[in-house]
Amino acid sequence: MDVLEYSLFPLTILCFTYWYFKNKSTKSSAPINWPLVGMLPGLVHNAHRIHEFFTDILLDSSSNFEFHGPAFANMDMLFTSDPANIDHILSRNFSNYPKGPKFRKIFNILGNGIFNVDYELWEIHRKITMSLMNHVKFQILLQRNVRDTIDKGLVPILDAFAERGITFDLQDIFQRFTFDAISKLLLDHDPKSLSQNLPHVPCEKAFNDMVDALLYRHVLPESYWKLQKWLRIGKEKNLIKAWEAFDQFIYPVISQKQEKLMKNNINDEDHDLDLFTDYVKAYNQWTNGDTDNNAGNVQEFLRDTFLNLMFAGRDTTSSTLTWFFWLLAKNPLVVTKIREEIQQQLHLKEDENLKLFNIEDSQKLVYLHGAFCEALRLFPPVAIEHKAPVELDVLPSGHRVSPNMKILISVYTMGRMENLWGKDCLEFKPERWISERGGVKHEPSYKFPAFHAGPRTCLGKEMAFIQLKMVAATIIYNYHIQLVEAQTISPMATVVIRMTHGLKVRVVKRVPL
């Protein structure tokens, strides 16, 4: 080691020491901005608690924080939970914030489905899906599907657990329920994952591996996760297996349905609503026989379409139900009020169980609706949104954002902001969603973006509330859910937040007074 090297080594140590104590003295939750590596060490250190990490930073920094990544790594980001910024990005300047190639690269497993695409193909997906959901027979199909999955899947499982008095993971049950329900609705195929022996269905569990990997792709250098993918290790290995599981589940069902359709006239307008058939019709009308388009051939189009909708139908709904029942267990007075509302609004006798329950019944349960809004405020399923501008932009907060800068919107943080929800923002209070007239109180989507905002607002919002309320009312009125003591509850570092260790409970059949 020559004289120059000897002189540079202590100088480097001195610089890093100065940098560390200079940043530490601020007593901020913000990560230290180190030379060369930027704030990446702090992000990696907190990756397992990313939602709380973002919240700590944003509550300390007036809802906006500029993250500096390693030099030459193109990882500079803006973290925000600022409602004005969110309104600007998702609504007012929507055209400047498409999903874009970087987003599609992260979410490439979803192909050309509605969550991944922009412009013409997105408009086509949205038009098809809206048309089907507005079909006069869609709610009949939805109601029949949900009730069938409750009666033949959920209730027998809960009854068996109650009779045996065993502990089980309620999160797993909800994931199985929503997977079966959405598979039957979209594909007219029952995978029966919610059977008495709780079979392992690779496609159902693959969604967990997918969302685990996708969040890490958001916050770690692209070169890092691409290396993992090439080596087939870590979360990327699990993502590869998840991709295979999806294809092995969806493509055979598509082929079977296509064989049946070849024997029928799919142009017959009098057939019962069948989402698979109608997506095929829409694809044929759009392409007019020309497969030279961004959606690929019909099988690829259907695979991507159904995988995107299954992802939305399985993960977001099961996440909401899980957090909802945990919050109820912590707030027994809310449970009592929900039961009273069910009994009064559905005109049940005091000794009568809740059996038949339909969409019209669910719309009468305003307090239950408010309780779900409150759960979604505190634990939004999609807790982080990723955006990047096409052109240079200045946000309402004054921050300049370039096409090379990633913007991460923390929806999770927004539910914990006193300036939005008051000093009781951490409390579970369904009453905050009840208007003076006794109806559901509306909040602007830029304040409550649990269902996104602007042109990309979730098309399945009403469908989700129907399913949530039908499931919840059945369980709350007919059973007692008891939490197992001494379990750690925390949100997992995933795109769709679920509980890290599940939700261990016991269930007891309720005898109405």
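Residues numbered from 1 in each chain as written. Predicted model: local features only at pLDDT ≥ 70, side-chain atom pairs only at ≥ 80, totals over all residues. Heavy atoms only, no water.

1. What to know about the packing of aromatic side chains
1) Next: One pass over the structure, following the stated rule, counts 24 aromatic pairs.
2) Next: On the basis of an interplanar angle of 35° and a centroid distance of 6.3 Å, the ring pair of Phe-53 and Phe-54 is categorised as tilted.
3) Next: For Phe-53, a relative accessible area of 3% translates into the label buried.
4) Next: Owing to a relative accessible area of 1%, Phe-54 belongs among the buried residues under this scheme.
5) Next: When the ring of Phe-451 is compared with that of Phe-465, the centres are 5.6 Å apart and the planes differ by 40°; the resulting orientation is tilted. Separated by 14 residues along the polypeptide, Phe-451 in the loop between helix 18 (418–421) and helix 19 (461–478) and Phe-465 in helix 19 bring together distant segments of the chain. With respect to burial, Phe-451 and Phe-465 carry one shared label: buried.
6) Next: Ring pairing ties together the aromatic residues Phe-53, Phe-54, Phe-65, Phe-67 and Phe-79, which thus form one cluster.
7) Next: Sitting over the face of the ring of Trp-421, Arg-377 holds its NZ or CZ atom 5.3 Å from the ring centroid. (Phe/Tyr/Trp six-rings, centres within 6.5 Å; stacked < 30°, edge-to-face > 60°. Buried < 20%, exposed > 50% of the residue type's maximum accessible area, 1.4 Å probe, protein only. Helix = DSSP H or I, 4+ residues; strand = E, 2+ residues; numbered from the N terminus. Lys NZ or Arg CZ within 6 Å of the ring centre and 35° of its normal.)

2. Considerations on the sheet that holds strand 4 (residues 384–387)
1) Next: Overall, mixed pairing links the 4 strands, which are arranged 1-2-7-4 in an open sheet. Sheet topology places strand 1 (64–67) and strand 4 at the edges, where each strand pairs with a single neighbour. Each strand axis lies, on average, 20° off the axis of its neighbour in the sheet, ignoring direction.
2) Next: Pairing of strand 4 with strand 7 (residues 406–410), which is carried by 4 bridges, proceeds in the antiparallel orientation. (Pairing = 2+ DSSP bridges. Axes fitted to C-alpha atoms, helices over the stretch in contact; angles between N-to-C directions.)

3. Description of a nonpolar patch on the surface
1) Next: Nonpolar side chains collect at one region of the surface, where Leu-227, Trp-230, Leu-231 and Ile-233 lie side by side and expose about 450 Å² of accessible area between them.
2) Next: As for its position among the elements, Ile-233 is in the loop between helix 10 (222–231) and helix 11 (234–262).
3) Next: Given the relative accessible area of 39%, Ile-233 is considered partly exposed. (Patch = residues over 30% accessible without salt bridge, like charges linked within 9 Å, V, L, I, M, F, W, Y side chains within 5 Å. Areas by Shrake-Rupley, 256 points an atom, 1.4 Å probe, with all protein chains shown as cover. Salt bridge = Lys/Arg side-chain N within 4 Å of Asp/Glu carboxyl O.)

4. Focus on the confidence of the model for the chain
In regions of low pLDDT, the predicted coordinates are not meant to be interpreted in detail.
1) Next: Taken over all residues, the pLDDT of the chain has a mean of 88, while the share at 70 or more is 91%.
2) Next: The low-confidence segment residues 1–18 (pLDDT under 50) makes 3 contacts with residues lying over four places distant or belonging to another chain. (pLDDT = per-residue confidence, 0-100. Contact = heavy atoms within 4.5 Å.)

5. Observations concerning the nonpolar core
1) Next: Grouped together as the largest cluster of nonpolar side chains are 150 residues, with contacts concentrated most on Leu-43, Met-210, Phe-324, Phe-325 and Ile-338.
2) Next: With 15 residues, the top contributor of residues to this core is helix 13 (residues 298–330).
3) Next: Excluding residues within four positions of it along the chain, Phe-325 makes contact with Leu-170, Phe-174, Ala-472, Ile-475, Ile-476 and Ile-481. (Core = buried A, V, L, I, M, F, W, Y, C linked by side-chain atoms within 4.5 Å.)

6. Things to note about the packing of helix 6 (residues 119–133) against helix 12 (residues 275–287)
1) Next: Put simply, helix 6 and helix 12 touch, their axes get as near as 11 Å, and they point 140° apart. Taken together, the axes of helix 6 and helix 12 are oblique relative to one another. The element helix 6 and its partner helix 12 pack so that their crossing is right-handed. Counting all contacts with helix 6, which are made through Glu-120, Leu-121, Ile-124, Ile-128, Thr-129 and Leu-132, the residues of helix 12 involved are Leu-275, Asp-278, Tyr-279, Ala-282 and Trp-286.
2) Next: Looking at the contact of helix 6 with helix 12, its residues break down into 8 nonpolar, 1 polar and 2 charged. (Parallel < 35°, antiparallel > 145°, perpendicular 65-115°, else oblique. Left-handed = near helix turned anticlockwise from the far one by under 90°. Nonpolar A, V, L, I, M, F, W, Y, C, P; charged D, E, K, R; others polar.)

7. Overview of the sheet that holds strand 8 (residues 479–483)
1) Next: If you trace the 3 strands from one edge of the open sheet to the other, you get 3-9-8, paired in antiparallel fashion. Both outer strands of the open sheet, strand 3 (168–169) and strand 8, are each paired with one neighbouring strand and no more.
2) Next: In the sheet, strand 8 pairs with strand 9 (residues 504–509) via 5 bridges, with the strands oriented antiparallel. Counted as the bridge partner of Leu-483 is Val-505 from strand 9.

8. Side note on the pattern of salt bridges
1) Next: Inspection of every chain in the model, using the stated rule, returns 29 salt bridges.
2) Next: A salt bridge links Asp-118 to Arg-104, with the shortest nitrogen-to-oxygen separation between them at 3.1 Å. In this pair, Asp-118 sits in the loop between helix 5 (100–106) and helix 6 while Arg-104 sits in helix 5, placing the two residues 14 residues apart along the sequence.
3) Next: The partner of Glu-222 in a salt bridge is Lys-226, and the shortest N-O contact between them spans 2.8 Å. Taken as a pair, Glu-222 and Lys-226 lie in helix 10 at a separation of 4 residues, close to a single helical turn.

9. Quick word on the pairing of strand 7
1) Next: Most of strand 7 sits out of view: 5 of its 5 residues are buried.
2) Next: Covered by surrounding structure in strand 7 are Lys-406, Leu-408 and Ser-410 together with Ile-407 and Ile-409, the residues of both alternating faces.
3) Next: Pairing of strand 2 (residues 77–80) with strand 7, which is carried by 4 bridges, proceeds in the parallel orientation. Bridge assignment links Phe-79 to a residue of strand 7, and that residue is Leu-408.

10. Here we look at helix 9 (residues 202–219)
1) Next: Counted at 1.5 Å a residue, the expected span for helix 9 with its 18 residues is 26 Å, and the 27 Å between its end C-alpha atoms agrees.
2) Next: Within helix 9, 14 of the 18 residues are buried, leaving the element largely enclosed by the surrounding structure. (Expected span 1.5 Å × (residues − 1).)

11. Structural notes on the packing of helix 8 (residues 170–187) against helix 11
1) Next: With their axes 12 Å apart at the nearest point, helix 8 and helix 11 run at an angle of 30° to one another. One finds that helix 8 runs roughly parallel with respect to helix 11. Handedness of the crossing formed by helix 8 with helix 11: right-handed. Along its contact with helix 8, which presents Phe-179, Ser-183 and Leu-187, the element helix 11 presents Phe-249, Val-253 and Lys-257.
2) Next: For the contact of helix 8 with helix 11, the residue count by class is 4 nonpolar, 1 polar and 1 charged.

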